[in-house]
There are 4 protein chains.
Amino acid sequence: MDRLIGNKLEKQNNVVDFDLSDVVINKKKVYEEIADQIRERIINGQFKPGDKLPSERLLAKNFGVSVPTIRQALGTLSATGYIKIIHGSGTFVTSYQTSPFLDLFDKKY
Amino acid sequence: MDRLIGNKLEKQNNVVDFDLSDVVINKKKVYEEIADQIRERIINGQFKPGDKLPSERLLAKNFGVSVPTIRQALGTLSATGYIKIIHGSGTFVTSYQTSPFLDLFDKKY
Amino acid sequence: MDRLIGNKLEKQNNVVDFDLSDVVINKKKVYEEIADQIRERIINGQFKPGDKLPSERLLAKNFGVSVPTIRQALGTLSATGYIKIIHGSGTFVTSYQTSPFLDLFDKKY
Amino acid sequence: MDRLIGNKLEKQNNVVDFDLSDVVINKKKVYEEIADQIRERIINGQFKPGDKLPSERLLAKNFGVSVPTIRQALGTLSATGYIKIIHGSGTFVTSYQTSPFLDLFDKKY
DNA sequence: GTGGTCTAGACCACT
DNA sequence: GTGGTCTAGACCACA
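On a predicted model such as this, the values are computed, not experimentally measured, just so you know. (Residues numbered from 1 in each chain as written. Chains lettered and ligands numbered in written order. Predicted model: local features only at pLDDT ≥ 70, side-chain atom pairs only at ≥ 80, totals over all residues. Heavy atoms only, no water.)

Draft legend 1. View of the protein's contact with DNA strand F. Near DNA strand F, the surroundings consist of 41 residues, among which A:Arg71, B:Arg71, B:Thr91, D:Val30 and D:Thr69 are the closest. For DNA strand F, the backbone makes up 70% of the atoms found within 4 Å of the protein, where backbone means sugar plus phosphate. At 2.5 Å from a phosphate oxygen of DNA strand F is found a side-chain nitrogen or oxygen belonging to A:Arg71. In the environment of DNA strand F, a sugar or linking oxygen lies 3.5 Å from a nitrogen or oxygen atom belonging to the side chain of C:Ser89. Counting residues per element, the ones that place at least two in the surface near DNA strand F are α2 (56–63), β1 (83–86) and β2 (90–93) of chain A, α3 (56–63), β1 (83–86) and β2 (90–93) of chain B together with α1 (30–44) and α3 (67–79) of chain D. A total of three residues in the surface near DNA strand F trace back to one element, the largest contributor, which is α3(D). Split into classes, the residues belonging to the surface near DNA strand F amount to nine nonpolar, 21 polar and 11 charged. (Near = heavy atom within 4 Å. Polar contact = N/O pair within 3.5 Å; in protein donor to acceptor, adjacent residues only side chain to side chain. Helix = DSSP H or I, 4+ residues; strand = E, 2+ residues; numbered from the N terminus. Nonpolar A, V, L, I, M, F, W, Y, C, P; charged D, E, K, R; others polar.)

Draft legend 2. Quick look at the environment of A:Gln46. All names here are of chain A. Position of Gln46 among the secondary structure elements: in the loop between α1 (30–44) and α2. A relative accessible area of 49% places Gln46 in the partly exposed class. With sequence-adjacent residues up to four places away left out, Gln46 is seen in contact with Arg41 and Asp51. (Buried < 20%, exposed > 50% of the residue type's maximum accessible area, 1.4 Å probe, protein only. Contact = heavy atoms within 4.5 Å.)

Draft legend 3. Main features of the pairing of β2(B). All names here are of chain B. With four bridges connecting them, β1 and β2 associate as antiparallel partners. The partner of Ile83 across the bridge, within β2, is Val93. Where β1 hands over to β2, the hairpin turn is made up of three residues, of which Gly88 adopts a positive phi near 85 degrees. (Pairing = 2+ DSSP bridges.)

Draft legend 4. Here's a closer look at the pattern of salt bridges. Residue and element names in this part refer to chain A. Scanning all chains against the criterion turns up eight salt bridges over all chains. Here Arg39 and Asp36 are joined by a salt bridge, their closest N and O atoms 2.2 Å apart. Taken together, the residues Arg39 and Asp36, both in helix α1 and three residues apart, mark about one turn of the helix. We note that Arg39, like Asp36, is buried. (Salt bridge = Lys/Arg side-chain N within 4 Å of Asp/Glu carboxyl O.)

Draft legend 5. Representation of the environment of B:Leu58 in the model. Residues and elements named next belong to chain B. Summarising the element assignment, Leu58 is placed in helix α3. Classification of Leu58 by relative accessible area gives partly exposed; the value is 40%. Along the chain, Leu58 and Ile70 lie 12 residues apart, while their C-alpha atoms are 9.7 Å from each other.

Draft legend 6. Fine view of the protein's contact with DNA strand E. DNA strand E sits among 41 residues. The nearest are A:Val30, A:Thr69, C:Arg71, C:Thr91 and D:Arg71. Among all atoms of DNA strand E positioned within 4 Å of the protein, those belonging to sugar or phosphate total 69%. Residue A:His87 places a side-chain N or O atom 3.2 Å away from a base nitrogen belonging to DNA strand E. With respect to DNA strand E, the side chain of C:Thr91 contributes an N or O atom lying 2.7 Å from a phosphate oxygen.

Draft legend 7. Structural detail: helix α4 (residues 67–79) of chain B. All names here are of chain B. The end-to-end C-alpha separation of α4 is 18 Å, in line with the 18 Å expected for 13 residues at 1.5 Å each. Taken residue by residue, α4 has Thr69, Ile70, Gln72, Ala73, Leu74, Gly75, Leu77 and Ser78 as its buried positions. Looking one or two residues beyond α4, the residue adopting positive phi is Gly81, at roughly 90 degrees. (Expected span 1.5 Å × (residues − 1).)

Draft legend 8. Expanded view of α3(D). All names here are of chain D. Within the span of α3, buried status applies to Thr69, Ile70, Ala73, Leu74 and Leu77. Looking straight down α3, one finds its buried side chains confined to an arc of 135 degrees; they lie on one side. Away from the buried face of α3 by more than 90 degrees, exposed residues Pro68 and Ala79 are located. Packed against the buried residues of α3 are α1, α2 (56–63), β1 (83–86) and β2 (90–93). (Arc of directions from axis to C-beta.)

The quantities given are spatial measurements derived from coordinates; they are silent on function.
So, in structure tokens, the structure goes:
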């Protein structure tokens, strides 16, 4: 949908070798970027507790990445309690009642 | 700034480092030599636009150098627009239509 | 034992279940029909030994059935030696040399 | 080396549907099987504390599986403290001193 | 030349 | 028709 993974090709920069200390900082893995975006939509309320997320295949297509990359992103969201993955059914936004300690893991919440 | 670029690349020299004074001039760095050879094949048409290059590992093996050296060669070809490197997929020869200004960057041609 | 196999496969019937008595006889199950069609193409030579079959998803789409139905059809072809299913790679037509006893298992041919 | 993953093609068995309660039991994922084998060698002393394991690529080749599958196996061994993975260096057997509580995680030890 | 991440797409298992 | 696992092999980043 959004295709916001703009930093994909930026890694090509084999720039000069002085003072890169302030350049490297916002290097983010693709799956982290995607996890952030999905988490943000959950927090924004675009994805509400109990909602079913799009399928992994559709997410992969919309984000322009492969299925395993989506799975890695969903895996972190699952591990931090934002979503619940149910085999054969789908991926659902966790209701707050069942995971009241989200902010212990992620300060953005 | 230029010197620092030079420092970065010095690690390639696992050759003599005595009495460089009169040798250095027309000595070509290994990765430049390799970049030249690949570029030449693109210009010759041995590698055509859209073609997929051999993998970095295979190139490294065939040229008898390490993968990072190959990456440096491919990096310059990428920066000058001859090839397009796509993470997870491969390295592809750029079609001329999409990079009409090749020679603006690379003074050798 | 035979009846139990039959029970397993009944889920395919999302068709009429009234007055089956005189229909059931020459009614072919969907997955058998599909297996027949694929087998026929193997025998005709449209699919040659070593060929890779279309993916389960694509077959499902083309035959207008679900993936599990296709899997059932492929399963019988695999059991009777016509094809070899390799996880993560694909489904391949068996070469006759390696399965010389095909018709011992499948009485239809 | 040993190519002991014998159960690879066994999954093809779409056997009859009666009383599978005692059949399904020893279904094991490929990466778990491999993790078990490596762990066993560590316990046996074939791989000693401080030893460097073969590279992921070599393990993949020797076990006849893909690199990500090996990585999954090594990931569980790393999580349970048997090995330590060092980026750019290799994978090493953990010395007992640094992980004295191995058996809390795995009863086989 | 290692481990790390990603692509693309297959078959498997659950519902 | 979903999520789960796997293949095969690419480029990336560290040492």
